[in-house]
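Tertiary structure, described
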Amino acid sequence: MAQNNELTTSCCIAGGGPAGMMLGFLLARAGIDVIVLEKHADFFRDFRGDTIHPSTFQLMFELDLLEEFLKVPHQEIETFSAVFNNEPVQIANFRHLNVVKPALGLMPQWDFLKFLQKQAERYPTFRLVMNAEVTGVISGNGRINGVTVSRADGENRVLANLVVAADGRRSILREKANLKVISSGVPIDVLWFRVSRLGNDPAQILGRFNAGRIMVMLDRNDYWQCAYIIKKGGDEHIRQQGIQMFRHDIELVAPFLAGRLEEVRSWDDIKLLTVDVDHLETWYTSGLLCIGDAAHAMSPVGGVGINLAIQDAVAAANMLHKSFKEQGLIEADLLRAVQKRRSFPTRFIQQLQILLHNKVIQVHLTDKMNTKPPIFMRLLNAFPILQRLPARVLGVGVRPEHIHTPDTASGTK
Ligand SMILES: Cc1cc2nc3c(=O)[nH]c(=O)nc-3n(C[C@H](O)[C@H](O)[C@H](O)COP(=O)(O)OP(=O)(O)OC[C@H]3O[C@@H](n4cnc5c(N)ncnc54)[C@H](O)[C@@H]3O)c2cc1C
């Protein structure tokens with residue numbers, strides 16, 4: 001940080017996740033001075049989703065970066081299946097989407113964020129500060145003018161024309177700004193652990209339903225990142241039953257892992273990730289805008305939160321970049337317009353997640369004898385043409401955004 005521990009910028013973004021890094025990149029690309037503050041030392045944390053949506057490939061194409069992006073190691077899947085009692089049920093087919101790459105990508109999120117960082121750092125107005133934890137807001141004259149930041153060298157300040165809270169579902173900024181959070185209530189949590197992957201294992205399986213148990217498995221080449229879905233608050237009970245019983249449950253839901261589950265040595269190898277679905281009544285206050293999970297925490301169900309975070313960032317950049325250039329300060333009317341544009345797409349998807357929590361996941365977790373997929377999944381499997389609809393919702397979402405910000409490097413408008 002600067003010597004007097006104070007920096008000034010046009011836009012200060014708290015959080016270097018998908019929303020914060022995408023917004024930082026787009027604003028810097030448009031010639032706007034931007035600082036992204038990330039509390040961790042790197043992007044290398046494993047409790048992130050890996051999905052790259054068809055809409056994100058499309059954005060990379062519009063940014064003229066698709067070719068380079070596709071060089072980052074990743075997998076592409078054209079259909080989305082769940083496995084019920086060892087029988088695959090195909091529920092989405094991305095092949096018919098009207099986008100440049102009609103497939104769902106799977107790329108460790110740290111690689112995706114590093115790619116955005118590399119692109120953003122081509123622009124001199126971009127600054128990313130790692131190990132910088134935002135701790136509060138600086139207010140004055142009826143608006144938020146910056147943030148306080150805790151770093152190894154002590155307390156710092158960043159003053160900005162606009163502060164963007166992209167600090168995720170536990171956002172400190174939305175709390176400090178007293179923005180009202182409306183929680184939707186979620187019946188599930190996730191136990192997150194890894195097991196080695198062997199060459200003859202089944203291909204990427206996004207959801208396995210078996211004997212009242214549910215697990216999502218992400219193929220990360222030499223290991224499976226496993227997300228075992230449990231009833232909310234059920235973690236303590238599972239731990240009390242012992243690690244051996246836990247391994248037995250995992251073997252029931254993914255029998256091919258038998259013989260490898262000793263790798264999960266103790267509860268230290270298993271992280272509890274609590275799941276929330278909530279939204280802010282108002283995404284902004286004078287001088288502050290919330291985007292991504294800070295504005296609307298998403299459940300992992302359907303793997304759509306990253307898409308929404310990125311789409312929020314694109315919409316915010318499209319709607320705000322001119323005002324940064326022309327007026328400096330961003331007025332509340334514009335922030336309201338960002339919420340208005342993004343509110344429906346996020347609330348629509350959240351309502352679908354809540355429906356799936358209650359009508360599919362909770363039902364399956366409660367009824368251990370139920371081995372059949374729900375009727376809508378059976379219909380999707382039986383009539384493939386119907387699979388275009390979930391592909392559209394999961395892969396692109398509602399009201400997809402497109403790049404309308406200029407590139408100062410190429411002089412495009
Ligand atoms: C278990 C689980 C699995 C999921 N899997 C998927 C999936 O496969 N696909 C999908 O699309 N979605 C998934 N989601 C949802 C998805 O993770 C979120 O919707 C998405 O990450 C939101 O992006 P974001 O940038 O808004 O926030 P985040 O990704 O949460 O990023 C916020 C960033 O801010 C940083 N930060 C936090 N506080 C501060 C602070 N005070 N100062 C500075 N920095 C701070 C954090 O370190 C982080 O880097 C999953 C969610 C969960 C809980």
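Check the entry above for the structure.
Notes on the structure in this doc start here. (Residues numbered from 1 in each chain as written. Predicted model: local features only at pLDDT ≥ 70, side-chain atom pairs only at ≥ 80, totals over all residues.)

Let's talk about the overall build of the chain
Helices and strands together make up the secondary structure of the chain, namely 11 helices and 20 strands. Over its C-alpha trace the chain gives a radius of gyration of 22 Å, about what one expects of a compact globule, namely 22 Å for 413 residues. Principal-axis analysis of the C-alpha atoms gives the chain an extent of 60 × 45 × 40 Å. Per-residue burial for the chain yields a buried fraction of 44% across its 413 residues. Restricting the contact set of the chain to residue pairs at least 6 apart, pairs at least 24 apart contribute 75%. (Helix = DSSP H or I, 4+ residues; strand = E, 2+ residues; numbered from the N terminus. Rg over C-alpha atoms; globule rule 2.2 N^0.38 Å. Buried ≥ 20, exposed ≤ 12 C-beta atoms within 10 Å, placed from the backbone. Contact = placed C-beta atoms within 7 Å.)

Overview of helix α11 (residues 388-395)
Taken residue by residue, α11 has Ala391, Leu394 and Gly395 as its buried positions. Buried residues of α11, viewed axially, fall in a sector of 85°; they line one side. Residues of α11 that are buried make contact with α2 (54-62), β5 (79-84), β6 (87-93) and β7 (104-106). Gly397, located one to two residues past α11, shows a positive phi value of around 85°. (Arc of directions from axis to C-beta.)

Overview of the site of the ligand
Lining the immediate surroundings of the ligand are 37 residues, of which Gly15, Gly17, Gly49, Gly292 and Gly305 lie closest. For the shell around the ligand, the secondary structure elements donating two or more residues are α1 (18-29), β9 (133-140) and α8 (305-326). Take the shell around the ligand: its biggest share by element is four residues, from α8. Looking at the shell around the ligand, its residues break down into 18 nonpolar, 12 polar and seven charged. Lining the shell around the ligand are residues from two domains, each supplying at least three of them: domain 1 (6-50 + 108-184 + 276-370) and domain 2 (188-274). (Near = placed C-beta within 6 Å. Nonpolar A, V, L, I, M, F, W, Y, C, P; charged D, E, K, R; others polar. Domains from an automatic or database assignment.)

Bear in mind that shape data such as this cannot, by itself, settle questions of function.
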